[in-house]
Every structure is written in C-alpha cells, then in structure tokens.
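Residue-level structural notes
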Amino acid sequence: PRPLPPPSAMLTSRGPALCTALRRAAPGGLASFHFSARRCRAARVAVVLSGCGVYDGTEIHEASAVLVHLSRGGAEVHMYAPDVPQMHVIDHSKGQPAEAESRNVLVESARIARGKIASLAKLTTADHDAVIFPGGFGAAKNLSTFAVDGKDCKVNREVERVLKDFHKAGKPIGLCCISPVLAAKVLSGAEVTVGHEEEEGGKWPYAGTAGAIKELGAKHCVKEVTISFPAHVDTKNKVVTTPAFMCETALHHIFDGIGAMVKNVLKLTGK
C-alpha cells in the first residue's frame with residue numbers, strides 16, 4: 001500500500017477552508033494549537049471523608065453522590081481522611097453506641113474509597129484544584145466537636161489547615177449536609193447553607209444548626225434541597241454548600257442537590 005502523506009499535506013489537501021479555521025483557532029500556528037491541547041486537563045479534586053456510616057462517619061449516599069457527579073464532570077479524584085480514632089462507634093441497626101468498639105476514621109473511610117485513600121496530613125493545595133467534604137455526623141464528631149460543643153466546637157487541626165490553605169489559595173471548597181459548620185467555624189464571614197431555619201413539622205429536623213452557624217460568625221442562607229434551589233455559592237470565598245440530608249426528602253432530590261454543588265465547585269476551578 002502507498003504510504004500516507006505527511007500530516008501537513010493531509011491538512012492542505014482538504015482545502016484552504018480547513019487551514020483558515022485552524023489558524024483562527026490557533027493564531028500562533030499549529031504548534032500553539034497542539035500545545036494548548038496538551039495543557040488541557042481535568043480538575044483535580046480532593047474528597048475528605050470522616051468514617052463510614054451516617055451516625056458516626058461519612059453519610060455514604062452523600063459520598064457516593066459526590067463521587068458520581070465528579071466522575072460525570074471528568075474530575076480526577078483523590079480521597080483523604082484524618083488518621084484519628086472515631087469519637088465513638090454507633091450500631092446503625094439500633095441507633096445506639098457500641099460501647100465495646102473503637103474504630104479509626106481513616107480505616108473506616110477506606111471502605112468508601114475502595115482502599116484508595118491517604119491520610120489527610122498528605123493533602124496539599126499544590127496537588128488539587130478543589131476540595132469537597134460530604135456530610136454525615138462524622139463531620140460533627142470526627143472532623144470537629146460540633147456534635148457535643150456546638151458553637152464552641154474545635155475543628156481537627158488538619159481539617160482546619162486544609163480549609164485555610166484552599167481558601168488562601170483561592171481554590172473552591174464544597175460542603176454538604178452538616179459539614180458547612182466546618183467552614184462557618186474556620187472561615188470568618190463565610191456564607192453557607194444547611195437548608196431552612198425552622199423544623200417545619202419535621203421536614204428540617206436539624207434546623208437549629210442554622211442558629212449555631214450564625215453564632216459562629218458566618219452568614220446562613222436559606223436554601224431548598226431540590227434541584228430548583230439546590231446550592232449556595234459564596235463567590236467571594238469560593239465556598240459552595242447544599243443541605244442534602246438536613247432535609248427529610250426523596251433520595252433523588254439529595255442526589256440532584258449534591259450534583260449542583262459539585263457542578264459549581266468544578267466551574268469555580270476554571271478547568
């Protein structure tokens with residue numbers, strides 16, 4: 001068979017119109033066109049977990065939703081968790097503490113990450129374009145002491161470092177469910193949402209969290225969990241939040257709301 005002509009000949013053989021289009025797309029010539037293509041890459045997003053299970057760790061449905069939407073958005077994902085003991089272990093079948101058990105947050109988070117996880121101490125802004133914190137009581141028990149101390153809570157020092165580093169670097173931070181309390185505590189003046197500020201007959205069972213957020217010095221913005229009003233974007237601080245399971249509603253609404261949060265985080269990366 002005859003050898004193929006060189007690429008330049010193949011391009012010119014298709015006529016001047018194609019060459020003109022390429023020159024317009026790459027004013028610096030074909031070399032700059034190829035260089036620009038090489039520079040394009042996916043957003044690198046860190047996901048911080050707090051264990052495995054809604055009552056003592058990460059809410060699994062929220063973590064899964066975050067990962068699905070990041071995958072759909074073409075992101076490169078790396079997962080992290082603090083290498084510390086859990087505050088306690090909950091028997092999820094009974095909703096009661098399992099007094100004789102103790103577990104490690106990193107080890108339990110590895111269940112969700114399918115083993116591909118690293119200590120939070122290794123998370124740096126240099127290696128990532130954004131960070132996302134799913135919810136679950138682990139955010140209020142293992143990443144902070146909010147569950148027991150409320151507005152007087154302390155935040156795990158690595159969690160605090162990560163939040164401050166990403167904020168200082170101007171890189172977006174996504175949080176859902178109860179995890180916005182972390183930003184409220186660490187980032188002065190941040191705007192976040194955990195949904196509504198009244199229980200409304202049990203639809204918003206954790207509505208009191210909004211008051212604590214205000215006491216922490218943050219601004220609380222009332223938002224729905226549904227796709228119509230699913231996330232709050234604090235453009236100044238690049239903090240994106242959504243209520244998720246702070247609301248008693250159908251799972252697909254939670255999933256869609258988290259998707260809107262992830263979409264806004266990826267948009268803020270500029271990738």
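First, a word on what this report is: a plain description of the structure on this page. Computed from a prediction, not measured in an experiment: that's the story for all the values here. (Residues numbered from 1 in each chain as written. Predicted model: local features only at pLDDT ≥ 70, side-chain atom pairs only at ≥ 80, totals over all residues. Heavy atoms only, no water.)

Regarding the sheet that holds strand β6 (residues 130-133)
- Reading across the sheet, the seven strands line up as β5-β2-β1-β6-β7-β11-β10 and stay open at both edges, with mixed pairing between neighbours. Two strands lie at the open edges of the sheet, namely β5 (117-119) and β10 (232-234), each paired on one side alone. Taken over all neighbouring pairs, the strand axes of this sheet differ in orientation by 25° on average, direction set aside.
- Bridge count for strand β7 (residues 173-176) against strand β11 (residues 239-242) is four bridges, and the pairing is parallel. Looking at the pairing, G174 lines up with V240 of β11. (Pairing = 2+ DSSP bridges. Helix = DSSP H or I, 4+ residues; strand = E, 2+ residues; numbered from the N terminus. Axes fitted to C-alpha atoms, helices over the stretch in contact; angles between N-to-C directions.)

Structural notes on the packing of aromatic side chains
- Per the counting criterion, the structure on display carries two aromatic pairs.
- When the centroid spacing of 6.1 Å and the interplanar angle of 40° are considered together, the rings of Y55 and F137 count as tilted. Residue Y55 is located in the loop between β1 (44-48) and α4 (60-72), and its partner F137 is located in the loop between β6 and α6 (138-141); the two are separated by 82 residues in the primary sequence.
- For the ring pair F137 and Y206, a centre distance of 6.0 Å and an interplane angle of 80° mean the geometry is edge-to-face. Taken together, the residues span a long stretch of sequence, with F137 in the loop between β6 and α6 and Y206 in the loop between β8 (191-192) and α10 (208-215) at a distance of 69 residues.
- By way of ring pairs, the aromatic residues Y55, F137 and Y206 are connected into one cluster. (Phe/Tyr/Trp six-rings, centres within 6.5 Å; stacked < 30°, edge-to-face > 60°.)

Some points on the environment of A212
- Considering the arrangement of structural elements, one finds A212 in helix α10.
- On the accessibility criterion, A212 (11% relative accessible area) is buried.
- Residues A212 and V181 lie 31 residues apart in sequence; the distance between their C-alpha atoms is 8.3 Å.
- In this structure, A212 is in contact with F146 and K151, ignoring residues within four places of it in sequence. (Buried < 20%, exposed > 50% of the residue type's maximum accessible area, 1.4 Å probe, protein only. Contact = heavy atoms within 4.5 Å.)

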